Amino acid sequence: MLSESFDFSSLIGASVQGKDRAHVPTAKIATGKKALGLYFSAHWCPPCRRFTPKLAEFYETMRDHLEIVFVSSDSDESQWSEYFASMPWFALPYSNFTTKSTLSNKFNVNGIPCLILLDPKDGSLLTADAVQHVYNDPAGSRFPFKPVPLAQALMAAAVPRTDGKPLVLYISPARLENEPWGRCDGVCGQVHAEAHHNCTVCPDFQLCNDCVEEGKTAHNATHVFERVVPMDAEAEALRIKFALEAACKEGDFEVVMLSLAETREEYVEHVARFAWPCFEFEEGKEAAFHVVQALEAKEDAVTIVVLNEDLQVLNKDATVAVKRGAPFPFADLKVVDLGESMKCNGANVVEKPSLIAFLSRGADEADVARVEDVLNACVAQFEGARGKKVVCSDVVCTVTDEAVDPAILFFSCKERNRLGAFARMQAGLPGVVPDAGDFLIFDNKARKCKGFAGIELTVENVVKIVKKYLASNEEEEIADEDVDK
């Protein structure tokens, strides 16, 4: 007798597309499985193209327990078809854009690739994003990766505390590697992590050092290319470590290290470089799985988490605040450079409308300080109003009087990065930032992006523009003549 299963047609439509463009009824596609995966991905996204083959291997291993539906962010049907042809699972039909947007909003999908796992019995959420779990657990030993409460995971792992002070959790991979910037569009076609060259006219076109001279001519001899030097991951981790060590001398808190080492040999070598108490290897591996999932922490970079005496989260990513020398408890920064972090003021750039102010490559420290002063002055104008907010621990929910989420985020952007380049292209701004700088409003969820070139970055201008944007439903209602040039 078949067990009862959730009718997924109410969520993703009456049918999904299989191979050979055959449409398959959605209602019972996950009957008898442990999970239905919604795979948010796109052909144009290099991290997605790296992950899809790994997911295909995982799918073959877990096929008796897992079904997947591809939910595309592609805007070109031929690219969608080519990409879907590489996948062994189902897909939401390309034309069903409304359902794609509904699913993205329902599950708060703020970046891709993203793999949402749902319970076939009742359609409930099992795992908010299983991408890193697929990378780290290809055999599926913990599938379907259902999380446990953070405090429970820490206590089960015997968090090594001494005197009940607030706790700063230093989460670090054993090996830090520079993140690959993508696949070279030149002759070699390889994935690279070292310095590379981006076309300032076509931000998605990039060349490695070996292919740049020939590739520039073949692409377009009139286009200007810009050399991009990626951040050194090891050097960045050392800066964060030294900053936290300095903060320890001033603040009344404990630091505990959680190593993400995969083997005991890696663990021994890793923790020997730190003076802080550490989770033991076996307990730490189990804690790391749940902690990373609960905090949405990166597994390829250092993350600093601030907890109170009862192990409740005060700040789930204080890394940039620590690096900048902020005092304990390392409150969220109101303005952050987009090259440092996609998060500021307690939210992510892809979650909230965000004003991004770009500086030219020739900008000095005084220019950076001036831009950040303007943006910080604007933050106060759009802080979330105070109101009642429910805060839940593992055992109780309480109502507090505190600020709700801000209406808009503010970022500076000096160093070139992929999101900044993408936003400039969408807003119609030139690939090279002018000497005077410029700015834009990037609204990922509303799929809007409006650029403001030739307008001076002042508090008065920014406040006018943001108020107009937030009050309007259409970006076209923001008129350049409303502000001072």
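Residues numbered from 1 in each chain as written. Predicted model: local features only at pLDDT ≥ 70, side-chain atom pairs only at ≥ 80, totals over all residues. Heavy atoms only, no water.

Trainee: Would you mind showing me how to read the overall build of the protein chain here?
Mentor: A count of helices and strands for the protein chain gives 14 helices and 25 strands. The 485 residues of the protein chain split such that 48% are buried. Sequence separation of 24 or more characterises 62% of the internal contacts of the protein chain that already satisfy a separation of 6 or more. Carbon and sulfur atoms make up 51% of the accessible area of the protein chain, which totals about 23,600 Å². (Helix = DSSP H or I, 4+ residues; strand = E, 2+ residues; numbered from the N terminus. Buried < 20%, exposed > 50% of the residue type's maximum accessible area, 1.4 Å probe, protein only. Contact = heavy atoms within 4.5 Å. Areas by Shrake-Rupley, 256 points an atom, 1.4 Å probe, with all protein chains shown as cover.)

Trainee: I tried to follow unusual backbone geometry on my own but got confused; where do I start?
Mentor: Leaving glycine out, the prevailing phi sign among residues is negative, and the prevailing peptide bond configuration is trans. With an omega dihedral of 10 degrees, the bond running from F143 to P144 counts as a cis peptide bond. Looking at the secondary structure, you find P144 in the loop between α5 (131–136) and α6 (150–156). Residue F328 is joined to P329 through a cis peptide bond whose omega torsion reads 15 degrees. In this structure, P329 sits in the loop between α11 (319–323) and β17 (335–337). Although it is not a glycine, F145 sits at a positive phi angle of roughly 60 degrees. On the secondary structure map, F145 appears in the loop between α5 and α6. In this model, N345 sits at a positive phi of 50 degrees, which is unusual for a non-glycine residue. Turning to its location among the elements, N345 is positioned in the loop between β18 (343–344) and β19 (347–348).

Trainee: Could you clarify how one ought to interpret the pairing of strand β14 (residues 254–259) in this entry?
Mentor: Side chains on a regular strand alternate between the two faces of the sheet. For β14, the tally of buried residues reaches six of six residues, placing the bulk of the element in the interior. Burial of the side chains of β14 extends over both faces: E254, V256 and L258 are buried on one face and V255, M257 and S259 on the other. Bridge count for strand β8 (residues 167–172) against β14 is six bridges, and the pairing is parallel. Residue S172 lies in a different strand from β14, and its bridge partner there is S259. (Pairing = 2+ DSSP bridges.)

Trainee: Is there a simple way to think about the packing of helix α12 (residues 365–379) against helix α14 (residues 459–471) in this case?
Mentor: Each pair of packed helices can be summarised by the angle the axes make with each other and by the distance between the axes. Taken N-terminus to C-terminus, the directions of α12 and α14 make an angle of 45 degrees; their axes are 9 Å apart at the nearest point. One finds that α12 runs oblique with respect to α14. Here α12 runs over α14; the crossing is right-handed. On α14, the residues touching V374, A377 and C378 of α12 are V459, V462 and V463. Of the residues in the contact of α12 with α14, the class split is six nonpolar, no polar and no charged. (Axes fitted to C-alpha atoms, helices over the stretch in contact; angles between N-to-C directions. Parallel < 35°, antiparallel > 145°, perpendicular 65-115°, else oblique. Left-handed = near helix turned anticlockwise from the far one by under 90°. Nonpolar A, V, L, I, M, F, W, Y, C, P; charged D, E, K, R; others polar.)

Trainee: When you look at the side chain of E372 in this model, what are you seeing that I'm missing?
Mentor: Within the fold, E372 resides in helix α12. Setting aside anything within four residues of it in sequence, one finds E372 in contact with R324, V335 and S412.

Just distances and angles here, no functional claims.
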